[in-house]
Amino acid sequence: METLSYNIKIYATPEKVWEVLWAPESYQAWTKFFACDSTMTTDWKVGGKTYFGDGKGNGMISTIESIDEPKEIVFKHLGMIENGKEDLESETVKSWAGALEKYMLFDFNGETQLHVEVDIQPEHAEFMNKGFDQGLAMVKHLAEK
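Please read all numbers here as calculations on a predicted model, not as lab measurements. (Residues numbered from 1 in each chain as written. Predicted model: local features only at pLDDT ≥ 70, side-chain atom pairs only at ≥ 80, totals over all residues. Heavy atoms only, no water.)

Visitor: What should I look at first to understand the side chain of glutamine 121 in this one?
Guide: Here glutamine 121 shows up in the loop between strand E8 (111-120) and helix H4 (125-144). Among the polar contacts listed, one links the side chain of glutamine 121 to the side chain of serine 95, at a separation of 3.0 Å. Aside from chain neighbours lying at most four places away, what touches glutamine 121 is Met1, Ser95 and Trp96. (Helix = DSSP H or I, 4+ residues; strand = E, 2+ residues; numbered from the N terminus. Polar contact = N/O pair within 3.5 Å; in protein donor to acceptor, adjacent residues only side chain to side chain. Contact = heavy atoms within 4.5 Å.)

Visitor: Help me understand the packing of helix H1 (residues 14-22) against helix H2 (residues 24-31) in this model?
Guide: Two elements in contact, H1 and H2, have axes whose closest approach is 5 Å; the angle formed by their N-to-C orientations is 75°. What the angle tells us is that H1 and H2 run roughly perpendicular. Residue-level inspection shows Glu19, Val20, Leu21 and Trp22 of H1 in contact with H2, the latter providing Pro24, Ser26, Tyr27 and Trp30. Its residues placed into classes, the contact of H1 with H2 shows 6 nonpolar, 1 polar and 1 charged. (Axes fitted to C-alpha atoms, helices over the stretch in contact; angles between N-to-C directions. Parallel < 35°, antiparallel > 145°, perpendicular 65-115°, else oblique. Nonpolar A, V, L, I, M, F, W, Y, C, P; charged D, E, K, R; others polar.)

Visitor: Mind showing me how you'd approach the UniProt feature "domain: Activator of Hsp90 ATPase homologue 1/2-like C-terminal" (unreviewed entry) in the protein chain here?
Guide: According to UniProt, the "domain: Activator of Hsp90 ATPase homologue 1/2-like C-terminal" (unreviewed entry) feature falls on residues 12-134. Each end of residues 12-134 is marked by a C-alpha atom, and these two atoms are 18 Å apart; helix forms 25% of the span and strand 41%. (UniProt positions renumbered as here; feature names shortened; annotations may be inferred.)

Visitor: Help me understand the layout of surface pockets in this model?
Guide: To find the voids left in a structure, one rolls a probe of water-molecule size over its atoms. There is about 820 Å³ of room inside the largest pocket. Phe34, Gly59, Met60, Phe127 and Met128 are the residues nearest the centre of the largest pocket, which is lined by 31 residues in total. Where the lining of the largest pocket is concerned, the elements lending two or more residues are H2, strand E3 (50-53), strand E4 (59-68), strand E5 (72-82), strand E7 (100-108), E8 and H4. When grouped by side-chain class, the residues that make up the lining of the largest pocket number 18 nonpolar, 9 polar and 4 charged. (1 Å grid on protein atoms, 1.4 Å probe; cavity = no way out; pocket = protein on both sides within 12 Å on 5 of 7 lines; lining within 4 Å. Points joined across faces, edges and corners; volume = space filled by probe spheres on them.)

Right under this line is the structure:
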């Protein structure tokens, strides 16, 4: 497992950036670079369930490890969904279960530094780099409109 990190300066408040990151419409706009029909369903509770989907019955099962809106959220990935079935036990899942995905927003007088860290298996680095480079550029665009 390795940790990738991304940073982008956004000329908007942390509250506005947070809204762009997690409101359903804008979430789909910036995560389309990972999967065309990306969705996120969550109860917004620490220890609760969060589902990241691709619109085709596949995705990830996660939980919120910590949340301090609008400054930070940490997701802990627990398993996969394939063809609508949850997998928390396979050897493939066990090889990466517990991986974290962190979003941290730092306020500099109305400018926000968005810092993202994601634990991944090395073979997914190129995909994640491309997705986050394009996705965070879209977050910036939407938040600065």
